[in-house]
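# An overview of the molecular structure
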Amino acid sequence: MSSTASRDAPIGIFDSGLGGLTVAHAVMRHLPGESLVYFGDTARVPYGPKSPETVRRYSQEIAAFLLEQGVKAIVVACNTATAHALPLLAETLPVPVLGVVGPGARAAVRATRTGHIGVIGTAGTIRSQAYVRAIHAEAPHMIVTATACPLLVPLVEEGWTNHEVTHLVAREYLDPFLKDEIDTLVLGCTHYPLLKPLIGEIIGRRVRLIDSAEETALDTGRLLADRDIATTAAIGSYRFIASDDPQQFLKLGQRFFGDAIEHVEVRTFG
Ligand code: DGL
């Protein structure tokens, strides 16, 4: 791609809701010149407990909408959507597509010394085994222990990132890892980076926490450079679109993204 217009086209980023703003925020910090169109499917969140077929259908609808907005690449910021829909999107879309599972898995393989990696995510992500496959694709000898932590998403959305209830719930979920020999834990869900201090406190300092958001932002930069579609602009612009109540998105979104969210557009499906 050589025209300036194409290079300066925005990156599309989507998630089941607001959590993917952690990925958008990391992209914004690492690639400040890139413009972003963020879509949060707030009307249909959560994806975690839904069937792979449903999540694939939702993901295809959103990807088609982002293409209509003229995006040059799509980042699937949702772990559950990546787990169920990334191969389909990568095969069928005319722009490069990146998910969060591969970058997180690669970072975990790089970080571990004992070769025993833990993964936490939604029920759908863990059931799909997407992280286990991605880690084994990098390093087949790794031992991977994966656990679903479905209650953590609503607790983060409630803003209870340092609440004693969240401590209790997280302790319960992380208990098997305390007896295990893992030295690396993948935070395989958009919401978990907001719980980093709490999870770190429970799991102890000897365990490295892998934040897929950071890794995905770095991979996005590499992808744009490889395809020669990185922008030359100094500062990007941002659009935020939700499929439900924009006021709620605005209020909660600032928790994930900060004050850069001033206006939220609405686009509904179905
Ligand atoms: N965005 C989802 C993920 O990263 C978490 C929220 C949901 O269940 O939709 O898996």
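Right above here is the structure, for reference.
All of the points below concern the structure found in this document. Note that the structure is predicted; figures quoted are calculated from it, not measured. (Residues numbered from 1 in each chain as written. Predicted model: local features only at pLDDT ≥ 70, side-chain atom pairs only at ≥ 80, totals over all residues. Heavy atoms only, no water.)

## A short note on the packing of aromatic side chains
Under the defined criterion, the tally for this structure stands at 7 aromatic pairs. Residues F39 and F269 carry aromatic rings whose centres are separated by 5.6 Å and whose planes lie at 65° to one another, so their mutual orientation is edge-to-face. In this pair, F39 sits in strand β2 (residues 36–40) while F269 sits in the segment after β10 (265–266), placing the two residues 230 residues apart along the sequence. For F39, a relative accessible area of 0% puts it in the buried group. Residue F269 is classed as buried on the basis of its relative accessible area of 17%. (Phe/Tyr/Trp six-rings, centres within 6.5 Å; stacked < 30°, edge-to-face > 60°. Helix = DSSP H or I, 4+ residues; strand = E, 2+ residues; numbered from the N terminus. Buried < 20%, exposed > 50% of the residue type's maximum accessible area, 1.4 Å probe, protein only.)

## Examining the pattern of salt bridges
One pass over the structure, following the stated rule, counts 13 salt bridges. A salt bridge links D219 to R222; the nearest nitrogen and oxygen atoms lie 2.6 Å apart. A residue pair is termed a helical-turn pair when its members lie 3 or 4 positions apart in one helix, as D219 and R222 do in helix α11 (residues 212–226) at 3 residues. The exposure class assigned to D219 is buried, which follows from its relative accessible area of 11%. (Salt bridge = Lys/Arg side-chain N within 4 Å of Asp/Glu carboxyl O.)

## Observations regarding the packing of helix α5 (residues 101–111) against helix α7 (residues 130–138)
Look at α5 against α7: their axes get within 9 Å of each other, and the N-to-C directions meet at 50°. Classified by the angle between their axes, α5 and α7 sit oblique to one another. Read as a crossing pair, α5 and α7 show a hand that is right-handed. Contacts between α5 and α7 pair V101, A105, R106 and V109 from the former with A130, Y131, A134, I135 and E138 from the latter. Among the residues making up the contact of α5 with α7, the classes are represented as 7 nonpolar, no polar and 2 charged. (Axes fitted to C-alpha atoms, helices over the stretch in contact; angles between N-to-C directions. Parallel < 35°, antiparallel > 145°, perpendicular 65-115°, else oblique. Left-handed = near helix turned anticlockwise from the far one by under 90°. Contact = heavy atoms within 4.5 Å. Nonpolar A, V, L, I, M, F, W, Y, C, P; charged D, E, K, R; others polar.)

## A few points about the site of the ligand
Near the ligand there are 13 residues, and of these D15, S16, Y47, G48 and T80 occur at the shortest range. Interatomic distance of 2.7 Å between a backbone N/O atom of Y47 and an oxygen atom of the ligand. Out of a free accessible area of 300 Å², the ligand has 99% covered by protein chains. Per-class residue counts for the shell around the ligand are 5 nonpolar, 7 polar and 1 charged. (Near = heavy atom within 4 Å. Polar contact = N/O pair within 3.5 Å; in protein donor to acceptor, adjacent residues only side chain to side chain. Areas by Shrake-Rupley, 256 points an atom, 1.4 Å probe, with all protein chains shown as cover.)

## Brief notes about helix α12 (residues 246–257)
For an α-helix the count is 3.6 residues per turn, leaving residues at separations of three or four pointing the same way. Listed in full, the buried residues belonging to α12 are F249, L252, G253, F256 and F257. Across the axial projection of α12, the buried residues extend over an arc of 130°, all falling on one side. Exposed side chains of α12 directed beyond 90 degrees from the buried face belong to Q247 and K251. Where the residues of α12 are buried, they touch α2 (21–30), β2, α8 (152–157) and β9 (238–242). Here α12 starts with a cap whose side-chain oxygen sits 3.1 Å from the backbone nitrogen of Q247, and that cap is D245. Immediately beyond the C-terminal end of α12, within one or two residues, lies G258, with a positive phi of roughly 85°. (Arc of directions from axis to C-beta.)

## Digging into the state of the cysteines
All told, the structure shown has 0 disulfides when counted by the stated rule. Lacking any disulfide linkage, C78 is separated from the closest cysteine sulfur, that of C189, by 7.5 Å. Residue C78 is classed as buried on the basis of its relative accessible area of 4%. Cysteine C149 shares no disulfide, and the gap to the nearest cysteine sulfur, in C189, comes to 8.7 Å. (Disulfide = S-S within 2.5 Å.)

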